[in-house]
Amino acid sequence: MPKDFNDYIRDKNILLKKRDIEIEKEVFEQNYDVQLSQVILGNIVTTAVLNLMTQPFNVMSMQLQLSSNPIENFKIDVKQIMESQYTIQQKRRLELVHKQFKPYPYYPSQFQNYRKALIGIAEQGIMGFFKGYKSGVLYSVLNSQFRFLLLYKLTNENKIIQNILVASVATLVDLITNPLQTIQTRLILQNRLPNFKTYHNFRQIIRSGGLTQGASGHIYKNIFIGLTQIPSILIDSQRINLIYMISTSLVFGYPFLTMIRRLQAQSRDMNMINTNYSGFLDILKDTYNNKGIFKLYKGFGAYATVNMFISSVLYGTQIFGEQFE
């Protein structure tokens, strides 16, 4: 359905008197409002269902993103613990940590491959694969709907200007929703078992502060993605162009996302990442000098699988629906 009434009239190829045009315009606006609300509601429901289906892959991907150091040499001397000056409650807690995560301890996430991530998450029960689902759905729904509503009428025939608009809107929305993404990151990083939880609810994470950490990284991420998508102006096919845009966004955006999430998880709270990066440029410099860019792609396979699946469902149903309009 056309967004503009003049296009609607032209497509109909009808000549109407002034009064008839006013009536037709009123009908068009009513149908337009109903259709838009249906699209938004449908997107919200679809996003929630798809996130539920893919959450285990999201959890594994993020656990690997937030892992940086090997854990093979991590050992706990139970005898030393029992002979030390801990309270009975503290001793019991340390015993449980040793029993639950041997040989894959959880302080913080240090999984080096999918197998170890799978074992470590499974130790937390089946719900371990659904950590951070509520905050993740809220983040995904708000992020996607803000982008949809802002870009729905911000269209430009000039592809360069349109790419700039897309990058600008993406940056604005990412900055607004960064606190929710931070909450999701910390809930997935922590151990979900009651005895070892760092945060029991959203309020504790909010009180701990640092919800804006990593926000500036979204600016650099979207600028870089925008630059890599400049060749899309030479692609005439809508579907090929869409595949190119999604692919470049995933491949070139993932290292930035890894650094953003590591900043979001940076905290003095138990089981979080205890680093001292002053900001995004600081972690970028450290990564380039010491860790290597390719280490920022840990967990990319699961991440790309999830996003390609979601994109194919969302855009596939949209294209299918347009054929019947």
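Residues numbered from 1 in each chain as written. Predicted model: local features only at pLDDT ≥ 70, side-chain atom pairs only at ≥ 80, totals over all residues. Heavy atoms only, no water.

Trainee: Which residues make up the packing of helix α9 (residues 215-228) against helix α10 (residues 238-264), and what are the values?
Mentor: Viewed as axis vectors pointing N to C, α9 and α10 meet at an angle of 160°, and their least axial separation amounts to 9 Å. Overall, the two elements α9 and α10 adopt an arrangement that is roughly antiparallel. Every pair of crossing elements has a handedness; the one defined by α9 and α10 is right-handed. Residues Gly217, His218, Tyr220, Lys221, Phe224, Ile225 and Thr228 of α9 lie in contact with α10, whose contacting residues are Tyr244, Thr248, Ser249, Phe252, Gly253, Phe256, Ile260 and Gln264. Tallied by class, the residues present in the contact of α9 with α10 amount to seven nonpolar, seven polar and one charged. (Axes fitted to C-alpha atoms, helices over the stretch in contact; angles between N-to-C directions. Helix = DSSP H or I, 4+ residues; strand = E, 2+ residues; numbered from the N terminus. Parallel < 35°, antiparallel > 145°, perpendicular 65-115°, else oblique. Left-handed = near helix turned anticlockwise from the far one by under 90°. Contact = heavy atoms within 4.5 Å. Nonpolar A, V, L, I, M, F, W, Y, C, P; charged D, E, K, R; others polar.)

Trainee: So what's going on with the side chain of Gln229? Which residues, and what values?
Mentor: Of note, Gln229 is situated in the loop between α9 and α10. Classification of Gln229 as buried rests on a relative accessible area of 9%. Reaching out from Gln229, the side chain makes a polar contact with the backbone oxygen of Met245 at a distance of 2.9 Å. (Buried < 20%, exposed > 50% of the residue type's maximum accessible area, 1.4 Å probe, protein only. Polar contact = N/O pair within 3.5 Å; in protein donor to acceptor, adjacent residues only side chain to side chain.)

Trainee: Give me the lowdown on the environment of Ala48, citing residues and values where you can.
Mentor: Within the secondary structure, Ala48 sits in helix α2 (residues 18-65). With 93 residues separating them in the primary sequence, Ala48 and Val141 have C-alpha atoms 7.6 Å apart. What Ala48 contacts, discounting residues up to four positions off in sequence, is Tyr133 and Val137.

Trainee: Can you lay out the nonpolar core for me, pointing to particular residues and giving the numbers?
Mentor: If you look at the biggest cluster of nonpolar residues, it comprises 16 residues, and the most contacted ones within it are Leu66, Ile121, Ile183, Leu189, Ile205, Ala265 and Ile273. Counting residues per element, this core draws most heavily on helix α7 (residues 159-189), which supplies four residues. Excluding its chain neighbours within four sequence positions, the residues that come into contact with Ile121 are Val59, Met60, Gln63, Gly128 and Phe129. Met259, Ile260, Leu263 and Leu296 belong to the second largest nonpolar core, which has eight residues in total. (Core = buried A, V, L, I, M, F, W, Y, C linked by side-chain atoms within 4.5 Å.)

Trainee: Describe the pattern of salt bridges, listing the residues and the values that go with them.
Mentor: Under the criterion given, the structure shown has two salt bridges. Salt-bridge contacts for Asp174 lead to Arg147; the nearest nitrogen and oxygen are separated by 2.8 Å. With Asp174 in helix α7 and Arg147 in helix α6 (residues 133-151), the pair connects residues that are 27 residues apart, well separated along the chain. Look at Asp174 and you get buried, because its relative accessible area is 2%. The partner of Asp174 in a salt bridge is Lys221, with the nearest N and O atoms 3.2 Å apart. (Salt bridge = Lys/Arg side-chain N within 4 Å of Asp/Glu carboxyl O.)

Trainee: I'd love a proper account of the packing of α6 against α7, names of residues and values included.
Mentor: Where α6 contacts α7, the axes come no closer than 9 Å and their chain directions differ by 170°. Regarding the angle of α6 to α7, the classification is roughly antiparallel. Here the residues of the contact of α6 with α7 sort into 16 nonpolar, six polar and two charged.

Trainee: I'd like to hear about the confidence of the model for the protein chain, residue by residue, with values.
Mentor: Caution applies to low-pLDDT regions: their predicted coordinates should not be interpreted in detail. On average, the protein chain scores 79 in pLDDT, and the residues at 70 or more come to 73%. When mean pLDDT is taken per element in the protein chain, α9 scores highest with 94 and helix α3 (residues 78-83) scores lowest with 48. Scored below 50 in pLDDT, residues 101-107 shows 26 contacts in the model against residues more than four places distant or in partner chains. Overall, residues 319-325 carries pLDDT values under 50, and its contacts beyond four positions in sequence, including any with other chains, amount to four contacts. (pLDDT = per-residue confidence, 0-100.)

Trainee: Tell me about the packing of aromatic side chains, and please be specific about residues and values.
Mentor: Tallied over the entire structure, the rule returns eight aromatic pairs. The interplanar angle of 65° and the centroid separation of 6.0 Å between the aromatic rings of Phe224 and Phe252 together place this pair among those described as edge-to-face. Of this pair, Phe224 sits in helix α9 while Phe252 sits in helix α10, and the two are 28 residues apart along the sequence. Assessed through its relative accessible area of 33%, Phe252 is described here as partly exposed. Between Tyr254 and Phe300, the ring centres sit 5.2 Å apart and the planes meet at 75°, which makes this aromatic pair edge-to-face. Taken as a pair, Tyr254 in helix α10 and Phe300 in helix α12 (residues 300-322) lie far apart in primary sequence, 46 residues in all. (Phe/Tyr/Trp six-rings, centres within 6.5 Å; stacked < 30°, edge-to-face > 60°.)

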